[in-house]
Amino acid sequence: MSTSSDQSAAQAPAEAPQEPAFRYTPALAQEIELRWQDRWEERGTFHAANPVGELKGPGGADASGSPYYIMDMFPYPSGAGLHVGHPLGFIATDVVGRFRRMRGDNVLHTMGFDAFGLPAEQYAVQTGEHPRLVTERNIVTYKRQLRRAGLAHDPRRTFATIDPEYVRWTQWIFLQIFDSWYDAEAERPDGGKGRARRIAELREELAAGVRPVPGRDGDNAGGAVWHGLSEAEQRDVLDSQRLAYVDESPVNWAPGLGTVLANEEVTADGRSERGNFPVFQKSLRQWKMRITAYADRLTDDLALIDWPEKVKAMQRNWIGRSTGATVRFDVVGTGEADAAGAAQTVEVFTTRPDTLFGATFMVVAPEHPLLDEVPAAWPEGTQDAWTGGYATPVEAVAAYRREAAAKTAVERQADAGKKTGVFSGHLAVNPVTGTPVPVFTADYVLMGYGTGAIMAVPGGDERDFAFAAAYDLPVVHTVAPEGGLPEGFEGAWTGDGVVVNSPATDVPAGAPADAPVLNGKDVAAAKAEMISWLEAHGVGEGTTTYRLRDWLFSRQRYWGEPFPIVWDEQDRPVAIPASMLPVDLPDVPDYAPRTFDPDDADSSPEAPLGRNDEWVEVTLDLGDGPKRYRRDTNTMPNWAGSCWYYLRYLDPTDGTNGDTVVDPELERYWLGPRHNATSGPAGGVDLYVGGVEHAVLHLLYARFWHKVLYDLGYVTAVEPFGKLFNQGYIQAYAFTDARGAYVPAAEVEGDEQTGWTWDGQPVEREYGKMGKSLKNVVTPDEMYEQYGADTFRVYEMSMGPLDLSRPWNTRDVVGSQRFLQRLWRNVVDEETGEVTVTDEPASTETLRVVHRAIADVTAEMEGMRPNTAIAKLITLNNHLTGLERVPREAIEPLVLMTAPVAPHIAEELWARLGHTDSLAHEPFPTADERYLVEDTVTCVVQVQGKVRGRVEVPPSISDADLEAAALAEPNVVKAIDGRPVRKVIVRAPKLVNVVV
RNA sequence: GCCCCGGUAGCCCAACUGGCAGAGGCAUCCGACUCAAACUCGGAGUGUUGCGGGUUCGACUCCCGCCCGGGGUACCA
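Within every chain, residues take consecutive numbers counted from 1 along the sequence as written. Ligands are numbered from 1 and chains lettered from A, in the order in which they are written. Per-residue local features of the predicted model are confined to residues with pLDDT of at least 70, and side-chain atom pairs are confined, for both listing and counting, to 80 or more; whole-chain, interface and lining totals are unaffected and use all residues. Values shown for side chains rest on all heavy atoms present in the structure; no hydrogens or waters enter the calculation.

Draft legend 1. Focus on the overall build of chain A. Under the DSSP-based scheme used, a helix requires at least four consecutive residues in state H or I and a strand at least two consecutive residues in state E, with every element numbered from the N terminus. When you go through chain A residue by residue, the secondary structure sums to 30 helices and 33 strands. Relative accessibility decides the category of a residue: with a 1.4 Å probe and only protein chains considered, values under 20% of the type maximum give buried, values over 50% give exposed, and everything between is partly exposed. Considering chain A as a whole, with its 996 residues, one finds that 53% of them fall into the buried category. A contact between two residues is defined here by any heavy atoms of the two lying within 4.5 Å. The long-range fraction of contacts in chain A, counting pairs at least 24 apart against all pairs at least 6 apart in sequence, stands at 70%. Here, Shrake-Rupley sampling with a 1.4 Å probe gives the accessible areas, and only protein chains in the shown set may cover a residue. Carbon and sulfur atoms make up 50% of the accessible area of chain A, which amounts to about 42,700 Å² in all. A distance of 3 Å separates the average location of the 95 positive side-chain charges in chain A from that of its 145 negative side-chain charges. A positive count includes Lys and Arg, and a negative count includes Asp and Glu. His and the chain ends are not counted in either. A charged residue contributes its charge at one atom only: NZ of Lys, CZ of Arg, CG of Asp or CD of Glu.

What follows is the structure, given as structure tokens:
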């Protein structure tokens with residue numbers, strides 16, 4: 001027990017008797033804070049008024065002012081509780097909200113809980129306690145800790161994602177998605193093409209023959225094909241088109257977690273983001289959401305929203321749109337083998353169709369179907385290096401496929417750059433040169449991207465060049481920089497330039513007579529021309545591909561939303577009607593998912609909900625009489641609840657609507673496009689603050705759901721979150737002893753200069769996260785007790801810019817405490833408790849300081865820079881501290897301006913200054929221009945860019961007068977030293993630079 | 001490898017469109033108060049702005065090349 005902060009805290013009670021009775025001590029701060037928190041709650045001070053419905057403002061007030069919707073990424077209430085890093089963003093939004101409220105906005109700010117998920121389930125498994133009990137208990141703790149921070153939330157709008165009334169709507173939205181398909185040609189209200197439509201409309205159009213039946217051949221004129229299908233087949237067709245659909249495909253299976261996962265939840269090295277378990281590809285029948293239908297809109301609409309470039313880039317990369325062309329290569333020899341005479345083709349995707357003349361070989365992924373049949377013998381011209389030492393292509397390909405399949409993602413990654421592969425024995429014809437080129441298989445081509453096959457252009461692609469070098473394949477450069485490739489250039493030219501060798505001067509025999517001539521063109525023009533040629537000859541077309549895959553939506557866990565789906569006797573999915581929602585979680589004998597050896601790739605998932613037969617097997621009347629059904633036993637992923645909570649805050653009671661997720665009028669008011677002066681064309685939440693770790697998970701999924709709801713007409717905002725802000729993290733120092741074991745950070749003594757010791761022994765300092773195992777956790781509760789919530793808030797906000805991560809340092813907190821103590825003393829006599837403020841007018845000098853501060857604080861607050869705003873408040877406060885008597889007209893603006901960061905002490909001082917109403921809705925002070933102008937300005941005079949003198953001048957001085965004054969200044973004259981003046985730069989009124 | 005952010009006093013951090021390197025806090029030192037100290041008040045010091053070039057009358061700021069720290073991403077055709 002030896003750090004300075006611990007001492008000061010320990011001393012407080014011991015010294016209390018000697019302390020003035022009305023000093024702003026932690027104990028007094030605590031008393032004030034608890035009292036005001038109760039008052040705010042009783043008075044409904046932070047009730048946000050809806051324009052319609054039962055939710056009114058304080059005292060039943062109607063909505064007034066400009067709507068401003070501010071939101072935090074809601075927390076998952078873990079059992080570990082909060083540490084001082086967690087509330088950083090919550091306090092920041094609170095400061096912004098309180099500021100905006102004082103500026104007259106109708107501020108909506110509240111907080112909910114993301115409460116389904118793994119930790120509660122795992123804890124329940126360990127203790128046998130139901131996850132709901134665990135979660136609800138944690139929520140109580142979180143609410144207490146957050147309330148104690150003095151957050152100005154509307155308490156009427158809070159909820160948790162596990163609440164049955166909330167689950168009901170999560171399931172309802174699922175049903176809307178299930179009941180939709182994507183019509184890529186349909187026009188949207190915003191003028192774009194492509195939107196979700198009701199599945200019934202698809203059925204009608206198929207029956208009417210308006211469109212072909214997907215997946216079925218034949219002319220559907222008059223609905224001929226459709227009506228030729230059985231009812232069951234028709235259902236299969238419709239089910240396959242839904243935005244929420246079930247299909248069998250390779251998915252991410254994590255045996256150690258006992259569930260399947262979305263691509264977004266798997267790390268680059270093939271492990272689960274949660275728990276870090278190995279993930280295997282396994283073909284399983286699972287629920288998916290057709291997020292790929294929205295790939296273009298999810299990319300394009302990023303341009304409409306005010307988000308950090310970094311997050312936009314991460315989403316763009318994740319969606320991975322790339323434009324280019326597909327090109328079909330005829331496979332030599334397959335034509336004769338085919339009785340119909342139709343040759344087999346391999347389709348490749350390329351972003352560089354302009355380089356087709358340089359495609360000297362092809363590569364297909366090891367899983368590519370072309371390899372299912374390969375020639376029995378090596379064709380003529382096969383080089384030894386290509387065969388892998390095998391006697392036939394059949395053996396070589398089989399061996400390579402085995403090898404590739406056995407490779408884990410980690411091994412693949414480790415081998416990246418090293419090129420391995422084998423010749424498949426197939427030859428394919430380059431459509432523009434007519435030349436047969438060898439088809440290789442290699443694991444640097446991935447089955448999951450594009451077509452799983454590439455045309456290899458070693459002259460224009462680093463990877464292809466590396467492969468060509470390893471297997472002695474020809475290199476043709478088809479693009480050269482201005483002035484040609486450097487002498488002796490070896491490698492791939494990936495830069496821009498002019499097309500060459502397209503075609504080459506010695507045109508090979510067999511080349512099509514009308515092959516395009518691209519030589520001399522720039523890359524962009526060549527691409528366009530090649531694409532038209534490919535399309536004209538039916539051997540390819542312009543194509544766009546995406547990295548994004550459909551969202552795997554089912555999980556085999558207990559603690560999540562059940563699917564509102566039952567399966568009928570034919571094993572086809574049937575939606576539970578909205579009137580029967582929510583579908584509650586059943587009680588089961590064991591919450592634990594069936595988990596397996598983490599490396600057991602052959603295991604299969606087993607859903608815990610399946611353990612309650614009485615729940616699974618049901619008889620329901622879904623409109624055609626009672627029938628037997630089997631419930632879907634999957635649960636939704638954790639992300640479902642967070643996909644739409646911003647809508648629930650607007651309309652949390654179901655009071656204004658019974659049949660849609662949010663009252664349309666409320667949605668328009670709070671979220672609609674341009675709902676206030678700063679809202680953009682896409683609308684959405686005005687300020688959404690959270691960590692950057694959700695950049696491609698929550699934020700992508702929520703955008704997707706929102707766009708479906710938009711298409712279906714439930715919302716008018718194009719995007720859910722108009723402005724996003726990523727706060728930094730509060731990091732902490734941890735200390736290790738000689739053995740490398742962590743020692744309690746709070747007990748370490750020393751500093752940067754003297755070094756660090758614990759218990760007399762030297763220790764090493766490291767920097768990183770706050771965590772129990774690192775023994776460096778500091779909790780908000782400790783801060784409330786040792787300093788009070790206001791001091792804690794001021795410290796967190798003054799540590800640095802919000803978007804930067806910085807180290808927590810308990811011993812610095814005292815600076816914030818002293819600021820508030822001085823502020824207190826500027827109003828209240830510590831001995832008597834009397835208000836000492838005078839009603840005499842303030843001096844002009846003081847008014848200047850006050851109005852300067854008002855102007856500066858306002859600018860800093862508007863720019864979301866509470867750290868510099870606080871610095872300005874301290875400057876003003878320090879000025880007032882030096883006065884004999886503090887004038888009311890100086891202290892009142894300071895108290896008001898302090899309120900957003902330290903609301904409790906501000907309210908208390910405001911009350912002691914004689915005001916009966918809360919200052920929460922009091923107008924933020926405005927600066928009087930008269931006090932912002934100075935009588936004189938100090939003008940700096942430089943000679944050769946170095947400061948040599950100063951002159952006091954009026955701010956309105958002319959350039960000529962200033963120049964004359966500057967050149968007359970004695971030090972300047974000395975510095976010029978008689979040299980001829982070549983030039984004088986005048987920036988009136990602050991600077992003159994003399995060049996000699 | 002590539003992309004993004006950061007590097008300013010012992011520490012956390014300011015510095016507008018290129019114009020005096022310093023707003024604020026911590027720590028340190030001096031003074032006042034005190035029998036003495038703590039608290040409080042008043043005052044003070046500290047710099048190769050990560051390094052090397054360039055542009056400019058003038059660079060923390062703009063450009064080029066590196067170094068260090070943090071984050072993201074990676075055979076995506």
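So, next bit.
Draft legend 2. Summary view of the side chain of Asp-183. Its location among the elements puts Asp-183 in strand S3 (residues 180-187). Classification of Asp-183 by relative accessible area gives buried; the value is 5%. Discounting residues that sit within four places of it in the chain, Asp-183 has contacts with Gly-194, Arg-195, Arg-197 and Arg-211.

Draft legend 3. Inspection of the environment of Met-797 at higher detail. Within the secondary structure layout, Met-797 lies in helix H23 (residues 789-798). Residues within four places of Met-797 in sequence aside, it is in contact with Leu-88, Ile-91, Ala-92, Val-95, Leu-802, Pro-866, Asn-867, Ile-870 and Val-901.

Draft legend 4. Here's a closer look at the sheet that holds strand S33 (residues 991-995). Only strands joined by at least two bridges in the DSSP assignment are considered to pair. Pairing in this open sheet of 4 strands is mixed, and the strands run S31-S30-S33-S32 from one edge to the other. Strands at the two margins of the open sheet, each flanked by one partner only, are strand S31 (946-953) and strand S32 (983-987). Pairwise comparison of adjacent strand axes, ignoring direction, gives a mean angle of 20° for this sheet. Inspection of the sheet shows S32 paired to S33 by 5 bridges, in the antiparallel sense. Residue Ile-985 lies in a different strand from S33, and its bridge partner there is Asn-993. As a rule, the C-alpha atoms of each element are fitted with a line to give its axis, helices using only the stretch in contact, and angles between N-to-C directions run from 0 to 180 degrees.

Draft legend 5. Structural detail: the packing of H23 against helix H24 (residues 813-825). Packing of H23 against H24 brings their axes to within 8 Å, and their N-to-C directions diverge by 120°. Comparing their axes, H24 and H23 come out oblique. The element H23 and its partner H24 pack so that their crossing is right-handed. Every residue of H24 that contacts H23 at Asp-790, Thr-791, Val-794, Tyr-795 and Ser-798 is listed here: Val-813, Ser-816, Gln-817, Phe-819 and Leu-820. Orientation is classified from the angle alone, with under 35 degrees giving roughly parallel, over 145 giving roughly antiparallel, 65 to 115 giving roughly perpendicular, and any other angle giving oblique. Handedness of a crossing is defined here by the sense of rotation of the near helix relative to the far one, left-handed for an anticlockwise turn of less than a right angle and right-handed for a clockwise turn.

Draft legend 6. Representation of the protein's contact with RNA strand B in the model. A single heavy atom is enough: if one lies within 4 Å of a molecule or strand, its residue is considered near that molecule or strand. Around RNA strand B sit 51 residues in total, of which Thr-351, Arg-463, Pro-801, Arg-950 and Asn-993 are the nearest. Among atoms of RNA strand B positioned within 4 Å of the protein, sugar and phosphate together represent 63%. The contact in question runs from a sugar or linking oxygen of RNA strand B to an N or O atom on the backbone of Met-799, over 3.1 Å. N or O atoms within 3.5 Å of each other form a polar contact, as long as, within protein, one can give a hydrogen and the other can take it, and as long as residues adjacent in sequence are counted only when both atoms are side-chain atoms. Taking Arg-818, its side chain carries an N or O atom lying 2.5 Å from a phosphate oxygen of RNA strand B. The dominant element in the surface near RNA strand B, judged by the number of residues it contributes, is helix H26 (residues 866-881), at 6 residues.

Draft legend 7. Structural context of unusual backbone geometry. For the bond from Ser-502 to Pro-503, the omega torsion is 0°, close enough to zero to count as cis. Along the chain, the position of Pro-503 falls in the loop between strand S15 (498-499) and helix H16 (523-536). Put simply, Leu-581 and Pro-582 share a cis peptide bond, and its omega is -5°. Even without glycine at this site, Asn-276 takes up a positive phi of about 60°. Checked against the element boundaries, Asn-276 lands in the loop between strand S6 (259-261) and strand S7 (280-289). Taking relative accessible area as the criterion, Asn-276 reaches 43% and is therefore assigned partly exposed. One non-glycine residue with positive phi stands out, namely Lys-775, at about 55°. Here Lys-775 lies in the loop between strand S28 (761-768) and helix H22 (780-786).

Draft legend 8. Geometry of the domain arrangement of chain A. Start and end positions for the domains come from either an automated domain assignment or a database one. Looking at the assigned domains, one finds that chain A contains domain 1 (4-159 + 643-726), domain 2 (174-293 + 313-318 + 550-639), domain 3 (322-544), domain 4 (788-931) and domain 5 (937-995). For domain 1 and domain 2, the distance between their C-alpha centroids amounts to 32 Å. A side-chain nitrogen of Lys or Arg and a carboxyl oxygen of Asp or Glu constitute a salt bridge if their distance falls within 4 Å. Taken together, domain 1 and domain 2 are joined by 1 salt bridge. Taking the shortest distance from any N to any O, the salt bridge between Glu-121 and Arg-557 comes out at 2.4 Å.

Draft legend 9. Layout of the sheet that holds strand S1 (residues 67-72). Strand order in this open sheet of 4 strands is S2-S1-S22-S23, and the pairing throughout is parallel. Across the chains shown, the open sheet's two edge strands, defined by having one partner strand only, are strand S2 (106-108) and strand S23 (724-726). Direction aside, the axes of adjacent strands within the sheet are offset by 20° on average. With 3 bridges joining them, strand S22 (residues 687-690) and S23 adopt parallel strand pairing. Following the sheet pairing, Val-689 is matched in S23 by Phe-725.

Draft legend 10. Representation of the pairing of strand S20 (residues 617-621) within the structure. Burial of the side chains of S20 is restricted to one face: Val-618 and Leu-620 are buried, whereas none of Glu-617, Thr-619 and Asp-621 on the reverse face is. Two successive antiparallel strands, S20 and strand S21 (residues 626-631), enclose a turn made up of 4 residues, where Gly-623 displays a positive phi of approximately 110°.

Draft legend 11. The pairing of strand S13 (residues 453-456), seen in detail. Of the two faces of S13, the one lined by Ala-453 and Met-455 and the one lined by Ile-454 and Ala-456 are each fully buried. The sheet contact formed by strand S10 (residues 361-364) and S13 spans 4 bridges and is antiparallel. Of the residues in S13, the one forming a bridge with Met-362 is Met-455.

Draft legend 12. Just the nonpolar core, in detail. Counting 184 residues, the largest nonpolar core has Tyr-69, Phe-174, Trp-551, Phe-553, Trp-705, Trp-808 and Ile-891 as its most contacted members. Among residues more than four places away in sequence, those in contact with Phe-553 are Phe-174, Trp-287, Lys-288, Met-289, Phe-563, Thr-635, Met-636, Pro-637, Ala-640 and Trp-705. Residues grouped as a nonpolar core are buried Ala, Val, Leu, Ile, Met, Phe, Trp, Tyr and Cys residues, joined through side-chain atoms within 4.5 Å. One finds Val-364, Val-437, Val-439 and Leu-518 within the second-largest nonpolar core, a separate group that totals 29 residues.

Draft legend 13. The arrangement of the packing of aromatic side chains in detail. Only Phe, Tyr and Trp rings are paired, with Trp represented by its six-membered ring, and only when their centres lie within 6.5 Å; those with planes under 30 degrees apart are stacked, over 60 edge-to-face, the remainder tilted. Taken as a whole, this structure holds 50 aromatic pairs when the rule is applied. Residues Phe-361 and Phe-467 carry aromatic rings whose centres are separated by 5.6 Å and whose planes lie at 25° to one another, so their mutual orientation is stacked. One end of the pair, Phe-361, is in strand S10; the other, Phe-467, is in helix H15 (residues 462-471), and 106 residues separate them in sequence. The class of Phe-361 is buried, set by a relative accessible area of 0%. With 5.1 Å between their ring centres and 45° between their planes, Tyr-558 and Tyr-591 make a pair best called tilted.

Draft legend 14. Representation of the environment of Pro-589 in the model. Mapping Pro-589 onto the fold places it in the loop between strand S19 (573-575) and helix H17 (613-616). Between the alpha carbons of Pro-589 and Gly-128 there is a distance of 10.0 Å; along the sequence they are 461 residues apart.

Draft legend 15. How the structure looks around the pattern of salt bridges. Throughout the structure, instances matching the rule amount to 58 salt bridges. The closest approach of N and O atoms between Arg-328 and Glu-541, which form a salt bridge, is 3.0 Å. Placement of the pair is Arg-328 in strand S8 (residues 322-331) and Glu-541 in strand S16 (residues 540-545), with a sequence separation of 213 residues. Of the residues examined, Arg-328 reaches a relative accessible area of 22% and is grouped as partly exposed. For Glu-541, a relative accessible area of 29% translates into the label partly exposed. For Arg-401, the salt bridge identified is with Asp-372, shortest N-O distance 3.1 Å.

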